[in-house]
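Chain by chain, the residues run as shown.
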Amino acid sequence: MGIQRHVVTPREDFYRLYSAAQVDAVADSLSLRAEFPYQLTYLGEGSEMWRAGEVPSNPGLVPMLRDINSLLTRHAEQLLALAPPSSPIQIVDLGPGTTRPVRGLIRHLLEGNRLAGYRAVDISAEILELARENLQSEFPDHAENFELWHGDFTGPDLKRVLAPERTSGHSGADPFRFVILAGGTLYNFAEPNQVLRQVRSAMSDHDVLLLTLRIDVGSDRPAFMKQVSVGGPHKPQQLAGLDLLAIDRSWYVTETGFDRMRSEIFVRARFLEPVTVTFDAEGGSRTVSFEPEDTVVVWRYLYQDSAAVADQLTDCGLQVRVLEHGQDSQVVLVAATPAP
C-alpha cells in the first residue's frame, strides 16, 4: 500500500490576505513554475519578520547589510551629479521595506533643500505601515507629506506611480526623479528582467533608476553554491507561503543550493509525501498536486557579478551611469538611465 495522499485547502487567512487575482497567480506559479511567488510572502504574517527587528538573526550578515543600507547615502553627491544643478529631487521607492536604505538619502536631500517629495509603493499594507512608522520617527516634521501607496508596481499600478504629471519644485522646475529598488528587491521576482523592462517603459527622461544589490565576487562563496544542502539555511518567512497553503512542514525537507544555469541561489521544498492543494479560485476550483521528490522554489536570488548586472540593465533598455562597490565588495550601487 502506497503513501496516503494529503489533500488540503489553503488556510482561511490565505483568502483574507490575497485578492482573487493573487490566488490565481499563486496557483499559476505553483503549477507552471513550481514556485511560490516570494513577493507575496511580505503580506500578513510574513511582514512580521521585518517588524520583529531590522537586525538579521545571523550576526555574520550585519556588516554587509549595514553596508548595503548606507550605499545611497555614501554616494548621494555622485547621484546628484546626474541631475541638473540645484534641481529638486523626487524619490519613488518601489518596495520600500523598512525604508532603512533610503532614509539617509532623504535626510541628505532635506538638508540640502533638494527633496521635492517621497513616494513609496508596496503590495503589502503591513510593510507600508512599518515604512510609515519608521519615516514618522525619523522625519517627524516631513513624513506627513510623504506618499505611501498600496499597489503592485509590477502591474498597472507602476504607470500610476510614475505618471508623467509632476509637482513643480522649489524654483518652479520639474523635479528630477530617483526611482529606487533597494536591498535586492528586484531579485525577489522570478523574472527580474520583466520587472526591469516594465520599470524602464514607465520611466521618463527625468528619471534615474537606483539599485542596491549583493553580487558575486567569486570569493567567500557559501558551501551550498557547490552542492545542494539539505535542511540548509532558510528564513521562516521563506516557508510562509507553504504554511498558508496548509502544507505541513513534515511533508517536505528544505534544500538550499545554486542553479548555475540561472546564476541563482535558491531555497526549495522537496516533497517526501504526495500532496494536493485545492484552491477556491476566481474561475472555480483548481488543484495543484505534488509527488514525492517534486520540488517547489520558495526563494531565489540572482547572484551575478557586476559585469553581468550591467549587461542585464543594458538588455532591458537602461544605460549604466554609476556602478560603485560598497566597503564590502559584495554589495553595489547601480544608477541607470533610459538608453537613448
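Predicted model, so just to flag it, every value in this text is computed and none were measured. (Residues numbered from 1 in each chain as written. Predicted model: local features only at pLDDT ≥ 70, side-chain atom pairs only at ≥ 80, totals over all residues. Heavy atoms only, no water.)

**Here we look at the sheet that holds strand β1 (residues 6–8)**
Here is the rule: In short, DSSP must find at least two bridges between two strands for them to pair. Helix and strand definitions here come from DSSP, where helices need a minimum of 4 consecutive H or I residues and strands a minimum of 2 consecutive E residues; each element is numbered from the N-terminal end. Think of each axis as a best-fit line through the C-alpha atoms, taken over the contacting stretch in the case of a helix, with angles from 0 to 180 degrees between the N-to-C directions. Residue contacts are defined here by distance: any two heavy atoms, one from each residue, within 4.5 Å place the two residues in contact.
Taking strand neighbours across the sheet as the criterion, the 3 strands line up as β1-β10-β11 in an open arrangement whose pairing is mixed. Every interior strand has two partners, whereas the edge strands, β1 and β11 (284–290), have only one. Within this sheet the neighbouring strands show an average axis-to-axis angle of 20°, counted without direction. In this sheet, β11 lies alongside strand β10 (residues 275–281) in antiparallel orientation, the contact comprising 7 bridges. Paired with alanine 281 across the strands is glycine 284, a residue of β11. With respect to the sheet, helix α2 (residues 20–33) is in contact with β10 and β11, its orientation differing from that of β11 by roughly 30°.

**A look at the packing of helix α9 (residues 192–202) against helix α11 (residues 306–315)**
Spelled out, the test is: An angle counts as roughly parallel when it lies under 35 degrees, as roughly antiparallel when it exceeds 145, as roughly perpendicular when it falls between 65 and 115, and as oblique in every other case. By convention, the crossing between two helices is left-handed when the near helix turns anticlockwise from the far helix through less than a right angle, and right-handed when the turn is clockwise. Classes in brief: Ala, Val, Leu, Ile, Met, Phe, Trp, Tyr, Cys and Pro nonpolar; Asp, Glu, Lys and Arg charged; the others, Gly included, polar.
Packing of α9 against α11 leaves a shortest axis separation of 9 Å and a crossing angle of 50°. When the axes of α9 and α11 are compared, the pair comes out oblique. Where α9 crosses over α11, the handedness of that crossing is right-handed. Where α9 approaches α11, its residues Pro192, Asn193, Leu196 and Arg197 are matched on the opposing element by Gln312, Leu313 and Asp315. Taken together, the residues that form the contact of α9 with α11 break down as 3 nonpolar, 2 polar and 2 charged.

**What about the side chain of aspartate 216?**
The line we're drawing: For this analysis, a polar contact is any N or O atom pair within 3.5 Å, provided that within protein one partner can donate a hydrogen and the other can accept it, and provided that sequence-adjacent residues contribute only side-chain to side-chain pairs.
With respect to the element layout, aspartate 216 can be found in the loop between β6 (207–214) and β7 (229–230). Polar side-chain contacts of aspartate 216 include one of 2.8 Å to the backbone nitrogen of glycine 218.

**Overview of the layout of surface pockets**
What counts, and what does not: Cavities and pockets were defined on a 1 Å grid built over protein atoms only: a cavity is a set of grid points that admits a 1.4 Å probe from which the probe cannot escape, a pocket is an open set flanked by protein on both sides within 12 Å along at least five of seven lines, and lining residues are those with an atom within 4 Å of any such point. Grid points are joined across faces, edges and corners, and a volume is the space filled by probe spheres set on the points.
Here the second largest pocket defines a volume of roughly 520 Å³. Lining the second largest pocket are 22 residues, and of these Ala25, Pro37, Gln39, Thr154 and Phe189 lie nearest its centre. For the lining of the second largest pocket, the secondary structure elements donating two or more residues are α2 and α9. Top contributing element to the lining of the second largest pocket by residue count: α2, with 7 residues. Across the lining of the second largest pocket, the residue classes tally to 10 nonpolar, 7 polar and 5 charged.

**Some remarks on the environment of glutamate 126**
Considering the arrangement of structural elements, one finds glutamate 126 in helix α7 (residues 125–138). Between the alpha carbons of glutamate 126 and glycine 46 there is a distance of 9.2 Å; along the sequence they are 80 residues apart. At 3.1 Å, the side chain of glutamate 126 and the side chain of serine 124 are in polar contact.

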